[in-house]
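Fold and geometry: a report
Listed below, chain by chain, are the residues.
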There are 2 protein chains.
Amino acid sequence: MQELRDIVLIGAGNVATRLGIALRKGGIRILQVYSRSQESAHRLASLLQTGHTTSLKEIVTEASLYIIAVADDAIESVVKGMEAQQKFLVHTSGSVDMDVLAPWAQNFGVLYPLQTFSRNRNVDFNTIPVCIEANSLVNLDLLSRLASSISGDVRTVPSAQRRMLHLAAVFACNFPNYMYTVAESIVHRANLDFDLLKPLILETALKVQTISPEKAQTGPALRGDARILEGQMELLKAYPEILELYKKISGEISKLNT
Amino acid sequence: MQELRDIVLIGAGNVATRLGIALRKGGIRILQVYSRSQESAHRLASLLQTGHTTSLKEIVTEASLYIIAVADDAIESVVKGMEAQQKFLVHTSGSVDMDVLAPWAQNFGVLYPLQTFSRNRNVDFNTIPVCIEANSLVNLDLLSRLASSISGDVRTVPSAQRRMLHLAAVFACNFPNYMYTVAESIVHRANLDFDLLKPLILETALKVQTISPEKAQTGPALRGDARILEGQMELLKAYPEILELYKKISGEISKLNT
């Protein structure tokens, strides 16, 4: 049976970088890196010790898989430009339907690694859930085996579920990070170090690795501690946006207790 | 110079439990545990291999420090009942002023460990910031040395700053945990496992251990990705409270980019 052992990476951002490193480590050959930016293409290709191009027309044709790891709204324009018909194409987006690739290729799918990636931060890819989807069972099987070479947690997740998962990821990552940002601004206003909060932030995330977050919930809003809630709103009255956020979230948390 | 080597723990909840274990490990003698609940008092006293009482009048008088680790609104009634005048009293609350102890004792202060504690979850106390405050420099020094026996991060934080810190802790712990709860409800509605989100939650918390959260912010709201924002609001239209929360937080995040 055919295997996906050599790939082209379309894109050179955070996802492409971390994915490329993981694939190479998993024994997959990276034939080429494409990016419209010469600098990014060169940087990632050097890192992966392979060739690069900034022209969609110069993408090599012999790869068994083309992984499109570009911004969501660039996926279609990239596919249009690359003569994809005979190729096996996947994108890596959480929120874009697999079917956007259907008009352009016979073999297509999605390979969505559910993690927040930074270009310069190493991650253990083996623990990252990789959600896959493909236009046929054969392609799904091929993708599954490729994904298994980089992660111990490969799951088939169709587009509709993946959209919900991506929404959940916003609540699991982007919104908590914003809460950290507000926390930082509050300690800074009090001339304190953000360092003080780091063990708390980490323990809060560690706790829900083994306990359901609903059971792990604590704090004045859950306890319905009106004295603290009022005192904290008083502290926030000079910051109306944060105050409004505080009231809104506290109000939702207090409902957990009813 | 006098040292605080033997203490009484007033309270037997999560904070009292984790603090008692850490103090004992740090070489401090726990002379007694008080709780109004016989069961809780007995449980923690057994764990710490010491005596217990459910009567404030029976609290031993020879301890060099009395640590009041009870609910915020129970602090005063406990102090009133225990004939505190000659004792050195501290409470462990983030949001209660040190001065509530002033009418009841000549020596008083605060010992606030900044962490979320669960009765059954072990924590490495050594990395937990312990914020202290006392009514005199001598008492501050005594408390500082006691706190150093359980933590490598002891800081003097006066009441006004500690109130701000406690508010920041709500944004660093309680609110992110609530976001995890919403994320869990979303994946469950999609018939997916909360497990899928765990590596993401952990990495998000790990990232801000070394990068400022403002710099670590990612996601559709920060990028101003209207297509995803609208798509996600569409997914949430059956859940008006979550939708409102989503709009509010996304709106605040989008301001970071301006």
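To keep things clear, this report deals only with the structure shown in the data block. (Residues numbered from 1 in each chain as written. Chains lettered and ligands numbered in written order. Predicted model: local features only at pLDDT ≥ 70, side-chain atom pairs only at ≥ 80, totals over all residues. Heavy atoms only, no water.)

Some thoughts on helix H6 (residues 198-207) of chain A
Where burial is concerned, most of H6 of chain A is hidden: 8 out of the 10 residues are buried. Regarding H6 of chain A, the residues found buried are Lys-198, Pro-199, Leu-200, Ile-201, Glu-203, Thr-204, Ala-205 and Lys-207 of chain A. Contacts from the buried residues of H6 of chain A go to helix H5 (159-189) and helix H7 (213-216) of chain A together with helix H5 (159-189) and helix H6 (198-207) of chain B. (Buried < 20%, exposed > 50% of the residue type's maximum accessible area, 1.4 Å probe, protein only. Helix = DSSP H or I, 4+ residues; strand = E, 2+ residues; numbered from the N terminus. Contact = heavy atoms within 4.5 Å.)

With respect to unusual backbone geometry
The phi dihedral of Gln-49 of chain A falls on the positive side, at around 50°, and the residue is not glycine. Secondary-structure assignment places Gln-49 of chain A in the loop between helix H2 (38-47) and strand E3 (51-53).

Focus on the sheet that holds strand E6 (residues 107-113) of chain B
Residue and element names in this part refer to chain B. In spatial order, the strands read E3-E2-E1-E4-E5-E6-E7-E8; together these 8 strands make up an open sheet with mixed pairing. In this open sheet, the two strands that pair with only one neighbour each are strand E3 (51-53) and strand E8 (154-156). Strand-to-strand twist in this sheet, taken as the mean axis angle between neighbours without regard to direction, amounts to 25°. The pairing of strand E1 (residues 6-10) with strand E4 (residues 65-68) spans 4 bridges and is parallel. Looking at E4, one finds that Ile-7 is bridged to Leu-65. Along the sheet face, helix H2 (residues 38-47) touches E1, strand E2 (29-34) and E3 and points at about 165° away from the line of E3. Contacts from H5 reach strand E5 (88-91), E6 and strand E7 (130-134), with the element oriented near 25° to E6. (Pairing = 2+ DSSP bridges. Axes fitted to C-alpha atoms, helices over the stretch in contact; angles between N-to-C directions.)

Examining the packing of H6 of chain A against H6 of chain B
Geometrically, a packed helix pair is captured by the angle between its two axes and the distance between the axes. The N-to-C vectors of H6 of chain A and H6 of chain B enclose an angle of 175°; their axes lie 9 Å apart at closest approach. Classified by the interaxial angle, the pair formed by H6 of chain A and H6 of chain B is roughly antiparallel. Within the contact between the two elements, H6 of chain A uses Ile-201, Leu-202, Ala-205 and Leu-206 of chain A and H6 of chain B uses Ile-201, Leu-202, Ala-205 and Leu-206 of chain B. Counted by class, the contact of H6 of chain A with H6 of chain B contains 8 nonpolar, no polar and no charged residues. (Parallel < 35°, antiparallel > 145°, perpendicular 65-115°, else oblique. Nonpolar A, V, L, I, M, F, W, Y, C, P; charged D, E, K, R; others polar.)

Examining the pairing of strand E2 (residues 29-34) of chain A
All names here are of chain A. Judged by how many residues are buried, E2 sits mostly within the fold: 5 of 6 residues are covered. Pairing between strand E1 (residues 6-10) and E2: 5 bridges, direction parallel. When the bridges of E2 are listed, Asp-6 appears paired with Arg-29. Taken together, E1, helix H1 (residues 14-25) and E2 form a β-α-β motif whose crossover is right-handed. Strand direction decides the pairing type here: E2 and E3, joined by 3 bridges, are parallel. Note that in E3 the partner of Tyr-34 across the bridge is Thr-53. Of the crossover connections in this fold, the one passing from E2 over H2 to the parallel E3 is right-handed. (Right-handed = clockwise from strand over helix to strand, strands pointing away.)

Focus on H2 of chain B
Since the α-helix advances by 3.6 residues per turn, residues separated by three or four positions end up pointing in the same direction. Residue and element names in this part refer to chain B. Considered for burial, the residues of H2 that qualify are Ser-40, Ala-41, Leu-44 and Ala-45. One side of H2 holds all its buried residues, which, seen down the axis, span an arc of 120°. Lining the buried residues of H2 we find E1, helix H1 (14-25), E2 and E3. Backbone geometry just downstream of H2 places Gln-49 in the positive-phi region, at approximately 50°. (Arc of directions from axis to C-beta.)

Regarding the relation of the copies chain B and chain A
Mapping chain B onto chain A calls for a screw motion: a turn of 180° about the axis and a shift of 0.0 Å along it, with 0.0 Å RMSD after fitting. The operation mapping one copy onto its partner corresponds to a two-fold rotation axis. Relative to the rotation axis, the closest C-alpha in chain B is found at Pro-176 of chain B, a distance of 2.2 Å. With an isologous cut-off of 70% or more, the 100% of interface residues of chain B that recur at the interface of chain A puts this contact in the isologous class. (Least-squares fit on C-alpha atoms with pLDDT ≥ 70 in both.)

A closer look at the packing of aromatic side chains
What the rule picks out here adds up to 8 aromatic pairs over all chains. Between Tyr-246 of chain A and Phe-171 of chain B, the ring centres sit 6.2 Å apart and the planes meet at 40°, which makes this aromatic pair tilted. With Tyr-246 of chain A in helix H10 (residues 240-256) and Phe-171 of chain B in helix H5, this pair bridges two chains. Considered together, Tyr-246 of chain A and Phe-171 of chain B belong to a single accessibility category, that of buried residues. Seen in terms of ring centroids, Tyr-246 of chain A and Phe-175 of chain B are 5.7 Å apart; in terms of plane orientation they differ by 55°. Their pairing is tilted. Linking Tyr-246 of chain A in helix H10 with Phe-175 of chain B in helix H5, this pair reaches from one chain into another. Taking the relative accessible area as the measure of exposure, Phe-175 of chain B reaches 1% and is therefore buried. Taken together, the ring pairs connect Phe-171 and Phe-175 of chain A together with Tyr-246 of chain B into an aromatic cluster. Lying over the aromatic face of Tyr-66 of chain A, Lys-87 of chain A brings its terminal NZ or CZ to 5.3 Å of the ring centre. (Phe/Tyr/Trp six-rings, centres within 6.5 Å; stacked < 30°, edge-to-face > 60°. Lys NZ or Arg CZ within 6 Å of the ring centre and 35° of its normal.)

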